[in-house]
Amino acid sequence: MTDTAADSAPRHKTKKSDRPSALKLLFNNSLATAGLIVFAVIVLIALAAPILPLQPPNVTDPSVRLSPPLTEGHLLGTDALGRDLLSRLIWGTRVSLAVGVSATLIAAFFGSLIGLVAGYAGGRTDNILMRGIDMVMAFPYILLALAIVAVLGPGLLNALYAIAVVNIPFFARNIRGMTLGLSRREFVDAARLSGKSHVSILFGEVLPNVLPVIIITMSTTIGWMILETAGLSFLGLGAQPPQADLGSMLGDGRKVLFTDAYVSMVPGLMIFALVMSINLLGDGIRDVLDPRLKSGALARPGARTAVKRESVPDRGQRSGTVLDVQEMRTEFHIGGSIYKAVGGVDLYMRQGECVGLVGESGSGKSVTAMSLMGLVPTPPGRIAGGAAWLENEDLFAASDERIRQLRGGDVSHVFQDPLSTLHPLFTVGDQLIEAIQAHQPVSKKEARGKAAALLESVRIPNAGERLKAFPHELSGGMRQRISIAMALANDAKVIIADEPTTALDVTVQAQILELMNGLRKERDTAILFITHDFGVVSAICDRVAVMYAGRIVETGTTEEILERPAHPYTAKLIECVPVLGEPNRRLDAIEGRPPVVNNLPDGCAFADRCPFVQDDCRKGDIAMTALGEERGVRCLHPLNRETADG
């Protein structure tokens, strides 16, 4: 990096992330906020009971028995023994809250501990612990609680123990299931290899990953615990006279329900308000801890990317193209920030042509590809502008049903990791048949024959037997061939291949590239090939579009780009590729990091990393400059301009 670039680097300070905090996410949920406010008010009043000017809750006064609400000196009236209902309500709420929270903590501690140990240890330990849990769950919970209280004797403390015991299985089973999956993950294996003890792994590696689930379960269980406490006290097995809690107050009011209903309604309404507020707050906490809702939206991603275009190009599709993308912009709205992942992409493809989309990780390649068929999750993503023409049809203006028809039909995807994109519970034959029947009116028998033919076309031997295999029974290269066969199932006009060879070894990579190139020419299918490797580009692509910070910075034929790169970023990417037969060739890394797309600098986004940067590179918008009929560069001082023009 030159001194000019180095000196100017601090100019663009990293903007503090506007990703919403946990508290802001919670307040975005109006119901959760209402629950928090109600719950906080109840808790504060209950905690302040000793200092509030209340009458003694247990003092009886027969002279004012069953006084109605708003009686002087008794705001909510009195019960059958003349005790002040407001005082008993506040003190009773205090007791019910203490019992509910304490029982939840006990159940969460022991239940989570059993689940962690059973899930991590497995084998005999798992069997013994979980069979014990199964025995507890075999009894109806209220009957089991009654049995425990009957053995221990009536009383609030014994009711607390009973409620905690019957709720231990709910925590144990949830946490055991999560721990079972986590204990087989690579980071746990790495911790074992580092020499950590089982206790250290369990509480240092596994517990932090299940803690959100424990918190969510606790937040939604406290209300249930309070209801159970009230139920036992209502039956006379919880709080004993003269102590008040919400359940015992409800039981006392039952005797005069038809003559003085308010005696029962007062604690009943408090139970309703308390449990409802806790449940609403628990739902909000669940949303805060859900990583899919970190954008601040209160909905999970929809089936299609939202299209909210601020501008639409007025020109139609270019002549002779099968896909024409014009000024496409895709943004992610996260909290108060707008991440411009795709900032005005222009790209076209002809029938049977392979176009390489090249760039570093985070440059916007995959978002560009997913935007075409509405696969970017909303929220937080949205199409903010531009058009994508497929055979004179604007994809962004098409209906949801039309997009569903085009997905897997005219436009297909081949993703990077076939093990995660193929369904693990269905055979590859079932998945191929489903892909065929979703777009073609054929019988299952005909679809199976087409599926076998597709496997043969991608050079999978013994195709009939392979249809019966599950994805995990196949090698990585074989799974990727299945994905390619699925993409070809309905004679797609455009195949979007998102780094399909990155997860494969070099030998299999070459086979997949050769296969895709041959099928492309055989079927006259256009391929948008996304990669960061110019070595792969040279093997399969006709034209190349180089992407940086959400924009195309250079386009041209593969031969022109490789021999005479015009943009310094393109030249740097090419210099990173080793050349066979040149062992002494220096492989230069690109210094620095790409800019964050919610705080892009003025002028050229590559300026801070460019060795040829000049002052005018940091001013205004850098437009694409034509260097030939199909050659363009987004640079004020391109390299090799003379040869590129000529």
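Just so you know, these numbers come straight off a predicted model, no measurement behind them. (Residues numbered from 1 in each chain as written. Predicted model: local features only at pLDDT ≥ 70, side-chain atom pairs only at ≥ 80, totals over all residues. Heavy atoms only, no water.)

Novice: For this particular structure, what's the right way to read the overall build of the protein chain?
Specialist: For the protein chain, the helix and strand inventory stands at 23 helices and 13 strands. At 33 Å, the protein chain has a C-alpha radius of gyration far larger than the 26 Å of a compact globule built from 646 residues. Summarising its shape, the C-alpha atoms of the protein chain cover approximately 110 × 60 × 55 Å along the three principal directions. Considering the protein chain as a whole, with its 646 residues, one finds that 49% of them fall into the buried category. The contacts in the protein chain between residues at least 6 apart in sequence include a share of 68% that link residues at least 24 apart. When the 63 basic and 66 acidic side-chain charges of the protein chain are each reduced to a single mean position, those positions are 5 Å apart. (Helix = DSSP H or I, 4+ residues; strand = E, 2+ residues; numbered from the N terminus. Rg over C-alpha atoms; globule rule 2.2 N^0.38 Å. Buried < 20%, exposed > 50% of the residue type's maximum accessible area, 1.4 Å probe, protein only. Contact = heavy atoms within 4.5 Å. Lys, Arg positive; Asp, Glu negative; His and termini not counted. Charge placed at Lys NZ, Arg CZ, Asp CG, Glu CD.)

Novice: Can you help me understand the layout of surface pockets in this one?
Specialist: Left-over empty space is what a probe sized like a water molecule reveals as it rolls over the atoms. Here the largest pocket defines a volume of roughly 740 Å³. Taken together, 24 residues form the lining of the largest pocket, with Gly-408, His-413, Phe-415, Ala-435 and Met-486 sitting closest to its centre. Mapped by element, the contributors of at least two residues to the lining of the largest pocket are β7 (411–414), α15 (428–437) and α18 (476–488). Grouping the constituent residues of the lining of the largest pocket by class yields eleven nonpolar, nine polar and four charged. Looking at the lining of the largest pocket, you find at least three residues from each of domain 2 (301–407) and domain 3 (412–541). (1 Å grid on protein atoms, 1.4 Å probe; cavity = no way out; pocket = protein on both sides within 12 Å on 5 of 7 lines; lining within 4 Å. Points joined across faces, edges and corners; volume = space filled by probe spheres on them. Nonpolar A, V, L, I, M, F, W, Y, C, P; charged D, E, K, R; others polar. Domains from an automatic or database assignment.)

Novice: I tried to follow empty space enclosed by the protein on my own but got confused; where do I start?
Specialist: Overall, the coordinates contain three cavities of 30 Å³ or more when judged by the stated rule. Volume-wise, the largest cavity comes out at about 100 Å³. Along the walls of the largest cavity sit 13 residues, with Cys-604, Cys-610, Cys-617, Cys-635 and Leu-636 positioned nearest its centre. Broken down by class, the residue content of the lining of the largest cavity amounts to eleven nonpolar, two polar and no charged. What lines the second largest cavity is Ile-484, Leu-488, Ile-495, Met-516, Leu-519, Arg-520, Thr-525 and Ile-527. Of all the secondary-structure elements, those providing two or more residues to the lining of the second largest cavity are α18 and α19 (506–523). In terms of residues, the lining of the second largest cavity owes the most to one element, α19, which gives three residues. When grouped by side-chain class, the residues that make up the lining of the second largest cavity number six nonpolar, one polar and one charged.

Novice: Mind showing me how you'd approach the state of the cysteines here?
Specialist: For the structure on display, the rule yields zero disulfides. With no disulfide of its own, Cys-354 has Cys-541 as its nearest cysteine by sulfur position, at a separation of 3.9 Å. Of the residues examined, Cys-354 reaches a relative accessible area of 0% and is grouped as buried. (Disulfide = S-S within 2.5 Å.)

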